[in-house]
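# Results of the structural survey
For reference, the chains in residue letters:
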Amino acid sequence: MELQGLVVKEQSGFFWVEVGDGAVYMCRLRGRLLEDAQASDIAAIGDRVRITILDDEDHKGLVEEVGKRISVISRALRTEGSRGAGSPEREHVIIANADQALFVFAATQPVPSSKLLDRFLVVGEKSGIPDLIVVVNKIDIADRDAVDKQFAPYREMGYPVIYTSAKQRIGVDELTERLSGKISVFTGQSGVGKSSLLNAVQPGLGRAVKSVSQSTSEGMHTTRDSELVKLATGGYLADTPGIRTLNIWDVEPEELDAYFRELAPYVSECRFGDCEHRNEPGCAVRRAVTAGKIHRSRYLSYVSLRDELEEAFAL
Ligand code: GDP
Ligand code: ZN
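Presented here is an overview of the structure given in this document. (Residues numbered from 1 in each chain as written. Chains lettered and ligands numbered in written order. Predicted model: local features only at pLDDT ≥ 70, side-chain atom pairs only at ≥ 80, totals over all residues. Heavy atoms only, no water.)

### Considering the packing of helix H2 (residues 114–127) against helix H11 (residues 296–314)
Between H2 and H11, the shortest axis-to-axis distance is 10 Å and the interhelical angle comes to 65°. Our classification of the angle between H2 and H11 gives roughly perpendicular. The handedness of the crossing between H2 and H11 comes out as right-handed. Packed against H2, whose contacting residues are Lys 115, Asp 118, Arg 119, Leu 121 and Val 122, the element H11 presents Ser 297, Arg 298, Ser 301, Ser 304, Leu 305 and Glu 308 at the interface. Taken together, the residues that form the contact of H2 with H11 break down as three nonpolar, three polar and five charged. (Axes fitted to C-alpha atoms, helices over the stretch in contact; angles between N-to-C directions. Helix = DSSP H or I, 4+ residues; strand = E, 2+ residues; numbered from the N terminus. Parallel < 35°, antiparallel > 145°, perpendicular 65-115°, else oblique. Left-handed = near helix turned anticlockwise from the far one by under 90°. Contact = heavy atoms within 4.5 Å. Nonpolar A, V, L, I, M, F, W, Y, C, P; charged D, E, K, R; others polar.)

### Regarding the coordination of the zinc ion (ligand 2)
Only Cys 270 (SG), Cys 275 (SG), His 277 (ND1) and Cys 283 (SG) from the protein coordinate the zinc ion (ligand 2), and they sit 2.1 to 2.4 Å from it. What the four donor atoms of the zinc ion (ligand 2) show is an angle range of 103 to 115° at the metal, which sorts the shape as tetrahedral. Written as a sequence motif, the donor residues of the zinc ion (ligand 2) are C-x4-C-x1-H-x5-C. Neither residue differs from the other here; Cys 275 and His 277 are each classed as buried. (Donors = N, O, S within 2.8 Å, 3.2 Å for Na, K, Ca; no water. Tetrahedral: all angles 85-135°; square planar, octahedral: opposite > 155°, others 65-115°. Buried < 20%, exposed > 50% of the residue type's maximum accessible area, 1.4 Å probe, protein only.)

### Regarding the site of ligand 1
Surrounding ligand 1, one finds 15 residues, the nearest of these being Asp 140, Ala 166, Gly 191, Lys 194 and Ser 196. In this structure, Lys 138 approaches ligand 1 through a side-chain N or O atom, which is 3.0 Å from an oxygen atom. In this structure, an oxygen atom belonging to ligand 1 sits 2.8 Å away from a side-chain N or O atom of Ser 195. Taking 580 Å² as the accessible area of ligand 1 by itself, protein coverage stands at 73%. In terms of residue count, helix H5 (residues 194–201) provides more of the shell around ligand 1 than any other element does, three residues in total. Here the shell around ligand 1 is composed, by residue class, of three nonpolar, eight polar and four charged. (Near = heavy atom within 4 Å. Polar contact = N/O pair within 3.5 Å; in protein donor to acceptor, adjacent residues only side chain to side chain. Areas by Shrake-Rupley, 256 points an atom, 1.4 Å probe, with all protein chains shown as cover.)

Below, the structure written as structure tokens:
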């Protein structure tokens, strides 16, 4: 018998596949899938797969086919070093097919870093995740004007910004609604209130997500446990070690233009095709900054990330 399903957990070469009626089958990959050249992980959490049932009672199956991915957060595994040096060997898929990513900040405690948000957004844009959402928690203890000033520009760029307080249950309904029915990446620095927010969405959810992270962060496991945690309202939250340490190591310096969405439209108007938007004459990006069409802080983030990437790729 054949079924369609979703990979909800991956561990040591096994894939747990949830099928339409909610049953979960523990599957290996069909041998012939392993024979093709492997530029990327064959299956990962979030993949839509076709399985055959080997043993219905024991819930064992075989993955026959993996569907085309709509978005991928991945990390290039390289021949030498982990950054620019060495040619990419293979792509490790952290999560496939996430519908949205929510980047969680605290309005204060810790002070929110726009630079970190800009990094998250670069990862999100590169991954092709359709919706990138900013969550600003602890709004109950914030200076609202300062928060607006920092985050309104992102709203103008088209990124939804949600203000929440896990403590006073502000914005929790909106958050719950956003998460329902979707596969979501939910990440942010420690202490911003992720667990508290998840617990406000669904009792115990913060712990459910954390249990996976703790089992892997102790460094005792050599396997990468990854899991989609199911929500009572439908949908899933991704929990994998890779998501907690999202970084932009695999972005080439020239690629960065495309991932700053409000900067990208100006690039083709720069005088030089290889303009780095620093001191070149006729730079349309810097003109847009001066004219107030691109926020200066975003431009400064761009320059500083580009410096960092160039340094990494020069190694
Ligand atoms: P995590 O590390 O991102 O999971 O953050 P936690 O959920 O553990 O929260 C870190 C700290 O911030 C805890 O002391 C929480 O009580 C506090 N906290 C979380 N959410 C809020 C909030 O909305 N308002 C306030 N004032 N404190 C919060
Ligand atoms: Zn330029």
